[in-house]
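Examining the three-dimensional arrangement
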Amino acid sequence: MKYYIGQLLASTAFTIVTLYYPLRYYEQTGSTLYLSLLVTYYNVMNAIGSYFWGWLIDNSRRRKELFLLYTASGIPILFGLETEAYPYVYGLVGFISSLGGPLYSTFILERFDVDSLPKQNSLLSIATIGGNVLGSLIVSEVSFREPVLLTLFTAAFLVSAVVMPIYEGEPRADKAERRNDVVTTLRPITIMFVFSFSAEIFYILFIPLLQSYRLPHSVYYTSYFLLYVTQIALFYAAPRIVKGIEGLTALTSVIGRMIALYWIVSKMPITSVSAAALFVAFGSMWSFFSTSFYSLVLKRLRSNRGQVIGLLNASGDIGSSIGSFVPSLLNEYPLYVSYEVSYVGFALSGAMWIAYVKALKTPSSSRPPRRVSSQPRLRERIPAFLKVFRSHRP
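As the structure is a prediction and not an experimental result, all values here were calculated from the model. (Residues numbered from 1 in each chain as written. Predicted model: local features only at pLDDT ≥ 70, side-chain atom pairs only at ≥ 80, totals over all residues. Heavy atoms only, no water.)

1. Some details on the packing of helix α3 (residues 64–72) against helix α8 (residues 145–163)
Two packed helices can be described by the angle between their axes and the distance between those axes. Interaxial distance between α3 and α8 falls to 8 Å at its minimum, and their mutual angle equals 170°. The pairing of α3 with α8 is recorded here as roughly antiparallel in orientation. Along its contact with α3, which presents Lys64, Phe67, Leu68, Thr71 and Ala72, the element α8 presents Phe153, Ala156, Phe157, Ser160 and Ala161. (Axes fitted to C-alpha atoms, helices over the stretch in contact; angles between N-to-C directions. Helix = DSSP H or I, 4+ residues; strand = E, 2+ residues; numbered from the N terminus. Parallel < 35°, antiparallel > 145°, perpendicular 65-115°, else oblique. Contact = heavy atoms within 4.5 Å.)

In structure tokens, the structure reads:
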């Protein structure tokens, strides 16, 4: 667990930033359009960072330096967030935070054997979402956020400097296989794009939804706190639950989100309790979907894992970017119209997922076996349950 303390601290700090500053910006502007633009900017920078960091990890041997960069970069960004230019600096948070997922996932692949992977992935998930829980508590209760953020980023840097081992990773970039790897994951990339597009519409509208029903800000913070606590338990249990039925569990997650959206679209009553319950039900579906999705997609890869993870993350971030912009385009219409767009998007992603799973089961979808060394390196052939670690999306 000691290897993931830095991630716990960094996740706590990034959660505070991603919860507090959009709400602050919405209170200052009172505009759904400006809020959409702010979140879109964040997601675009996150998408750029996702692919860039994946490419860098695949093409370099340096590891500890990246862990230090990941935790230390929050300090100068923090000072920028305290200026009047904070809406512009906010995008840098998305760029830097996108390093955590591929970096820690690569660390697990390179440092642990196949028998240790389930435990290590569970510990990493718990550390990441545990940071979400702490961050959601701090942001709702503490008024002096700046000193707390500075302390968290500094502590994360010091812990990473002491705990993370110095070692040279093995570059996994394979130019000959790059095109095949991208083609193999083209369908999943599209599915992640549509799924994230639909999810972001729900998340970006949560603040205006609460405002429209005159619900207090405490519902906003409480909803995220309850979601993070729920996800800790679900991410721990998800690998065992979805094993062997990944296609079904991912599809069930999509249907679960459609049911939550139907509640809103059908204009059923929204109270503080029902709003929080809908939010937790919607968000918690990500635990099962992501575990199922990545276990099926990434276990077929032998090389270019960092770049493929980066592409998947980037496609999700681009989808989120476009999804966050939809409410601004439909600003003249009632909120439920945007929710209907989200509902249709999930229906489309579910249909695409069914087609993808069916294709995996047909012999024609199987890629021809590759030539391997007579003494293959086990750690390069692990079908790990890699996850995308975000503060609260998708």
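2. Here we look at the confidence of the model for the protein
Atom-level detail of predicted coordinates should not be read off regions where pLDDT is low. Averaged over every residue, the pLDDT of the protein is 81; the share at 70 or more is 83%. Low pLDDT, under 50, characterises residues 364–392; the stretch is placed with 76 contacts to residues that sit more than four places away or in other chains. (pLDDT = per-residue confidence, 0-100.)

3. Some points on helix α12 (residues 217–242)
For α12, with 26 residues, the first-to-last C-alpha span of 35 Å sits near the 38 Å given by 1.5 Å per residue. Gly244 occupies a position one or two residues after α12 and carries a positive phi of about 90°. (Expected span 1.5 Å × (residues − 1).)

4. Looking at helix α2 (residues 32–58)
Its 27 residues place the ends of α2 39 Å apart at the C-alpha level, agreeing with the 39 Å of an ideal helix rising 1.5 Å per residue. The distance from a side-chain oxygen at the start of α2 to the backbone nitrogen of Leu33 is 3.2 Å, and the residue carrying that oxygen is Ser31. (Polar contact = N/O pair within 3.5 Å; in protein donor to acceptor, adjacent residues only side chain to side chain.)

5. Topic: the nonpolar core
One finds Tyr4, Leu81, Tyr220, Phe289 and Phe293 to be the most contacted residues of the largest nonpolar core, which totals 100 residues. Take this core: its biggest share by element is twelve residues, from helix α1 (residues 5–29). Filtering out sequence-adjacent residues up to four positions away, Tyr4 remains in contact with Tyr104, Phe107, Ile108, Phe112, Gln120, Leu123, Leu124 and Ala127. (Core = buried A, V, L, I, M, F, W, Y, C linked by side-chain atoms within 4.5 Å. Buried < 20%, exposed > 50% of the residue type's maximum accessible area, 1.4 Å probe, protein only.)

6. Concerning the environment of Thr12
Within the fold, Thr12 resides in helix α1. When its relative accessible area of 2% is taken as the criterion, Thr12 is described as buried. Along the sequence, Thr12 and Ala156 sit 144 residues apart, while their C-alpha atoms lie 9.9 Å from each other. Not counting residues within four places of it along the chain, the set of residues in contact with Thr12 comprises Gly131, Leu134, Gly135, Ile138 and Leu152. Only 3.4 Å separates the side chain of Thr12 from the backbone oxygen of Gly131, close enough to count as a polar contact.

7. Points about the packing of aromatic side chains
Applying the stated criterion across every chain, the model contains 37 aromatic pairs. Ring centres of Tyr21 and Tyr86 lie 5.7 Å apart, and the angle between their planes is 50°; this geometry places the pair in the tilted category. Taken together, the positions of Tyr21 in helix α1 and Tyr86 in helix α5 (residues 86–97) put the pair 65 residues apart, joining distant regions of the chain. Here Tyr21 and Tyr86 have matching classes, each one buried. Between Tyr220 and Tyr221, the ring centres sit 5.2 Å apart and the planes meet at 65°, which makes this aromatic pair edge-to-face. Using a relative accessible area of 5% as the deciding quantity, one classes Tyr220 as buried. Taking the relative accessible area as the measure of exposure, Tyr221 reaches 11% and is therefore buried. If you follow Arg24 out to its NZ or CZ, it ends over the ring of Tyr86, 4.2 Å from the centre. (Phe/Tyr/Trp six-rings, centres within 6.5 Å; stacked < 30°, edge-to-face > 60°. Lys NZ or Arg CZ within 6 Å of the ring centre and 35° of its normal.)

8. Quick word on the side chain of Ser60
Note that Ser60 resides in the loop between α2 and α3. Among the residues examined, Ser60 registers a relative accessible area of 14% and is labelled buried. A distance of 2.7 Å separates a polar side-chain atom of Ser60 from the backbone oxygen of Leu56.

9. With respect to a nonpolar patch on the surface
A contiguous nonpolar surface patch, about 250 Å² in accessible area, is contributed by Leu33, Tyr34 and Leu37. If you trace the backbone, Leu33 turns up in helix α2. The exposure class assigned to Leu33 is partly exposed, which follows from its relative accessible area of 32%. (Patch = residues over 30% accessible without salt bridge, like charges linked within 9 Å, V, L, I, M, F, W, Y side chains within 5 Å. Areas by Shrake-Rupley, 256 points an atom, 1.4 Å probe, with all protein chains shown as cover. Salt bridge = Lys/Arg side-chain N within 4 Å of Asp/Glu carboxyl O.)

10. Brief notes about unusual backbone geometry
One non-glycine residue, Arg214, lies in the positive phi region at around 55°. Tracing the backbone through its elements, the reader meets Arg214 in the loop between α11 (206–212) and α12. Positive phi values are uncommon outside glycine, yet Lys267 reaches one of about 60°. Considering the arrangement of structural elements, one finds Lys267 in the loop between α13 (246–265) and α14 (272–298). Using a relative accessible area of 56% as the deciding quantity, one classes Lys267 as exposed.

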